[in-house]
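Summary of structural features
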Amino acid sequence: MSPRRRDAEGTAAARAERRAELLAAAAEVFASQGYSATTIRKVADAAGILGGSLYYHFDSKESMADEILSTFLDEMWASYDRVLAAGLGARDTLEAIIVESFRSIDRHRPAVVLYQNESKHLANSERFRYLLDSQRRFEEMWLALLERGVREGEFRSDLDLVLIYRFVRDTVWVAANWYQHGGRLSADDIAKQYLAMVLEGIQAS
């Protein structure tokens, strides 16, 4: 490899790393202060750079939010698709999906908070219309999984599936509001505790 090419690759890697750092800072600000209240200046301050310098990497805060959300959703769906393609039974699939959900929260907590708080507003823009597509796909995936579980005799047939879906969705993803990376319980530990409560209850046997 020529020195010029090596230098170019090193520069590109450093630029990509810096871009990731700026997106992480933006995600934290969006999550804590809200998308509408966040300005380029606030993101720049959080990243420790001048406001104008941020435009070297992103042309707008919409671009930052778009990359934050699309990265989170792409990784989440890639993990879900691996689970769905594994050919597991309904219960094992449900357990694996919930584990992957908590891992997504661990990796992308600010993005999850941004998604929860702002997706309805952002989806009014054509640029963020994919948020609605993801929401529909998410509901369809869960309802199909729950229906399969009833057919396979894994899940109770006397409960409303839409209600179960909403319960699972809300109780999993609200964890992003209190979850802390490196806390007392890991994402996998929390998933195991959650599954025990959902599938076995909290009443002593």
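First, a word on scope: everything that follows refers to the structure included in this document. The structure presented is a predicted model; accordingly, all values stated were derived computationally and were not measured.

Conventions used here
- Residues numbered from 1 in each chain as written.
- Predicted model: local features only at pLDDT ≥ 70, side-chain atom pairs only at ≥ 80, totals over all residues.
- Heavy atoms only, no water.
- Salt bridge = Lys/Arg side-chain N within 4 Å of Asp/Glu carboxyl O.
- Helix = DSSP H or I, 4+ residues; strand = E, 2+ residues; numbered from the N terminus.
- Buried < 20%, exposed > 50% of the residue type's maximum accessible area, 1.4 Å probe, protein only.
- Axes fitted to C-alpha atoms, helices over the stretch in contact; angles between N-to-C directions.
- Parallel < 35°, antiparallel > 145°, perpendicular 65-115°, else oblique.
- Left-handed = near helix turned anticlockwise from the far one by under 90°.
- Nonpolar A, V, L, I, M, F, W, Y, C, P; charged D, E, K, R; others polar.

Two side chains carrying opposite charge are able to pair once their charged atoms lie near each other. The tally for this structure, following the rule as stated, stands at 14 salt bridges. A salt bridge links glutamate 28 to arginine 109; its shortest N-O distance comes to 3.4 Å. With glutamate 28 in helix 1 (residues 3-33) and arginine 109 in helix 5 (residues 90-122), the pair connects residues that are 81 residues apart, well separated along the chain. A relative accessible area of 41% places glutamate 28 in the partly exposed class. Judged by its relative accessible area of 23%, arginine 109 is partly exposed. Note that arginine 127 is salt-bridged to aspartate 66, the shortest N-O span being 3.1 Å. Linking arginine 127 in the loop between helix 5 and helix 6 (130-151) with aspartate 66 in helix 4 (residues 61-84), this pair joins segments that are 61 residues apart in sequence. It is possible to trace a salt-bridge network through shared partners that takes in Glu100, Arg103 and Asp188.

The next point concerns the packing of helix 4 against helix 5. Running from N to C, helix 4 and helix 5 point in directions that differ by 160 degrees, and their axes come no closer than 9 Å. Relative to helix 5, the element helix 4 is oriented roughly antiparallel. Seen from above, helix 4 lies across helix 5 with left-handed handedness. Residue classes in the contact of helix 4 with helix 5 are distributed as 16 nonpolar, six polar and three charged.

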